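Structural features, examined
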Amino acid sequence: MRPRILAGLLLALTLSSAATPAAAYTYGDTLTTIMRPLPNLPALVVPGGAFTVWALAPSTAGNWSAALQLGALTVPLSPNGGGWQASKGRWELSFSVPAGTPEEVYSLQLSSDATITDLAEHAVKVLPAFKTDYYFAQISDTHLPTHALSSNGVIDVTDTTGMGDFDAVIEDLNVIHPEFIIHSGDLVNEGELEEYLGMYEMGRAQAMLSRLRDPVFVSTGNHDIGGWGATLPPDGTSRKDWWRYFGWPWLLNPPAGDPYHSQDFTFDYGPLHVIGLEAYINNGSYDHYRQDIWGAQSFTPEQMAWLEADIAAQPPGTKKLAFYHYDFGGTLSNGSPGANFSQINPAALGLDAAIWGHNHVVPEGSLSARPINLGLRSVIDYRRFRIFRVSNGVITPGAMHAAGGTSSAPTDSMALAWSGANDGTRSRLSLSVNNRYNETWDHARVRFVMADHDSAFTVTGGTLYQTIREGGVTLVYVDCVIPANGVTALSVQASAPLAGVPPGAGAALSLSASANPFRAGSAPLVLRWSSPRDVPASLDVLDLEGRRVTTIAADAGASDDRSARWDGRDERGAVAPAGMYFVRLRAGRATHVLRLVLVR
């Protein structure tokens with residue numbers, strides 16, 4: 001996703017001549033064209049299969065093209081139908097993934113003749129098949145970036161304790177390797193704090209989702225779209241901030257063909273049907289915005305009707321799991337909040353499982369009761385997560401785990417000891433995993449980032465699953481079983497060079513800037529890029545509307561690594577206005593886009 005930011009908001013990016021504070025933050029990637037899949041609502045697809053893209057663009061748009069990106073690797077996609085949906089006011093396009101595409105979570109790149117190139121990061125998971133024996137994870141209440149709330153217009157912008165807690169859980173989940181991850185709400189701590197107080201909480205939270213190596217589906221909580229009571233931003237600010245980053249801008253006035261006011265969604269993993277429900281408090285304690293639509297709290301009658309219809313539409317044999325932040329109880333006929341736990345009765349609704357968060361210290365529930373109805377403690381402060389195992393359609397919840405390193409769980413539950421930096425500079429690398437969890441991780445996977453010497457690799461302690469060559473490194477994926485309360489040793493080493501190794505699937509493009517933000521009038525900005533041998537490349541600067549500001553390089557020659565300079569001026573020699581720009585690299589049919597902030 002690439003930002004479309006109003007001119008007034010761009011003023012917030014203009015820096016004075018004074019030094020920028022170390023804790024200064026700015027915008028993440030707000031929604032422009034791609035509305036689904038998103039980092040919080042990814043697509044799951046197998047090679048040779050197709051997935052649907054929702055796009056906001058004029059009905060006259062054409063020449064749609066899409067590609068998957070992983071670092072410098074670009075995989076073009078084939079159009080597979082779809083078109084303009086007049087009743088919904090959006091495009092719904094289908095694209096096919098080429099056979100042989102490696103398993104990974106990719107960013108999605110989308111363009112047309114009426115839109116600038118848009119990028120949704122961490123949005124498409126290509127998986128070899130939908131398994132019958134696997135596990136998935138639940139996390140909740142990350143409250144990024146900190147649990148401290150603003151008070152009288154003051155907050156410690158340097159406090160990132162919540163991010164530290166989330167990073168500890170991310171490190172463990174990236175080894176455990178669930179098929180997907182469910183986040184049951186309160187992704188951020190105060191949804192109102194984007195421009196206000198300079199916290200940009202949603203932008204920073206969005207970036208953290210990409211640190212997970214598996215796809216993550218996020219439902220909203222009361223802090224996400226309720227914010228906090230006593231703050232300067234008006235009611236509705238947090239909800240509108242969520243729409244800017246995570247979708248969807250039409251929810252206030254939905255189209256006739258998609259007449260819903262809440263971001264409720266579903267996805268399927270084989271015969272498992274997963275339902276995500278928007279949850280919030282809107283009675284004045286958190287927010288008090290358009291109660292005529294959203295009532296005093298979730299769930300609205302509209303949401304419940306949608307949920308019941310969706311469950312009823314599932315074919316026999318489907319397992320149905322709902323996740324949400326909390327059953328707040330909806331709104332009574334007199335406008336008052338209903339009682340907690342009065343709307344979601346899993347057995348009555350026909351659900352096989354209901355999982356939720358909100359209560360940071362909820363006690364462990366019954367792991368044997370069916371239907372499953374379980375809460376989860378928070379990531380913030382407690383670093384909790386839960387693994388659900390699925391075997392031939394049977395869902396079995398595990399106990400809550402703590403990643404450790406907190407006062408309540410002081411020992412790191414999964415300690416990783418690398419022999420060197422896992423950064424693509426080594427041809428030999430080893431890892432020791434000390435698993436203190438009382439659970440065996442049958443589907444564990446570790447990604448080694450090795451130097452690319454056109455070599456094959458040998459693995460000890462695990463099984464070589466795949467390798468991906470991109471951007472001058474080789475990603476080596478090692479599958480293993482990590483026993484409960486045990487230590488696992490893994491190593492990867494480059495072996496004999498391979499003759500005639502191709503550059504990898506797709507076109508490998510990379511693009512970087514020497515400074516971002518870039519201050520006009522200072523030393524010229526140095527842009528470095530790489531692209532395939534013998535493919536001429538061009539480099540253009542575009543404004544937010546996709547208009548060309550200047551061309552930095554045209555038909556650059558056939559070398560692997562190239563650079564060019566930009567002094568911040570347009571093609572007429574005038575200094576370009578401060579604001580957001582895109583640097584577009586083109587090489588053959590492949591395109592790579594870099595977002596750039598120009599300041600004065």
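Just so you know, the residues in each chain are numbered from 1, in the order the chain's sequence is written. Residues qualify for local features only when their pLDDT is at least 70, as the model is predicted, and side-chain atom pairs are given and counted only at 80 or more; totals for whole chains, interfaces and linings, by contrast, use all residues. With hydrogens and water stripped out, all remaining heavy atoms of the structure feed into the side-chain values.

1. So, the pattern of salt bridges
For this analysis, a salt bridge means a side-chain nitrogen from Lys or Arg found within 4 Å of a carboxyl oxygen belonging to Asp or Glu. One pass over the structure, following the stated rule, counts 23 salt bridges. Close ionic contact of Glu 92 with Arg 90 constitutes a salt bridge, the shortest N to O distance being 3.0 Å. In this scheme, a residue with accessible area under 20% of its type's maximum is buried, one over 50% is exposed, and one in between is partly exposed, where area comes from a 1.4 Å probe on protein chains only. Exposure remark for Arg 90: the relative accessible area of 1% places this residue in the buried category. Here Arg 584 makes a salt bridge to Asp 540, at a shortest N to O gap of 3.4 Å.

2. Comments concerning helix H3 (residues 201-209)
Secondary structure counts use DSSP, requiring at least four H or I residues in a row for a helix and at least two E residues in a row for a strand, with both numbered from the N terminus. For H3, the tally of buried residues reaches 8 of 9 residues, placing the bulk of the element in the interior. Every buried residue belonging to H3 is among Glu 201, Met 202, Gly 203, Arg 204, Ala 205, Gln 206, Met 208 and Leu 209, and all of these are buried.

3. What to know about the packing of aromatic side chains
Where two aromatic rings form a pair, the distance of their centres and the angle of their planes describe that pair. Pairing of aromatic rings covers Phe, Tyr and the six-membered ring of Trp, with a centre-to-centre limit of 6.5 Å; geometry is then stacked below 30 degrees between planes, edge-to-face above 60, and tilted otherwise. Counted according to the given criterion, the structure contains 30 aromatic pairs. Aromatic pair Phe 265 and Phe 323: ring centres 5.9 Å apart, planes at 70°, arrangement edge-to-face. Of this pair, Phe 265 sits in strand S13 (residues 265-269) while Phe 323 sits in strand S15 (residues 319-323), and the two are 58 residues apart along the sequence. No difference in accessibility class separates Phe 265 from Phe 323, as the two residues are buried.

4. A closer look at unusual backbone geometry
Following Arg 36, the chain continues to Pro 37 via a peptide bond in cis, the omega torsion being 5°. Considering the arrangement of structural elements, one finds Pro 37 in the loop between strand S1 (34-36) and strand S2 (43-45). With an omega of 0°, the peptide bond between Leu 144 and Pro 145 qualifies as cis. The residue His 122 is not glycine, and still its phi comes out positive at about 55°. Looking at the secondary structure, you find His 122 in strand S9 (residues 115-126). His 122 sits in the buried class, given a relative accessible area of 7%. For Asn 485, which is not glycine, the phi dihedral falls at a positive 50°. Along the chain, Asn 485 falls in the loop between strand S26 (473-482) and strand S27 (486-497).

5. Some points on the pairing of S26
Counted residue by residue, S26 has 8 buried out of 10 residues, so it is predominantly covered. The pairing criterion for strands is at least two bridges between them, as found by DSSP. Inspection of the sheet shows strand S23 (residues 441-451) paired to S26 by 9 bridges, in the antiparallel sense. Across the sheet, Arg 447 pairs through a bridge with Tyr 477, a residue of S26. Inspection of the sheet shows strand S25 (residues 463-470) paired to S26 by 7 bridges, in the antiparallel sense. Bridge assignment links Leu 464 to a residue of S26, and that residue is Val 478. Hairpin connection between S25 and S26: a loop of 2 residues separates the two successive antiparallel strands, and Gly 471 in this loop has a positive phi of roughly 60°.

Spatial relationships are all this shows, so hold off on functional conclusions.
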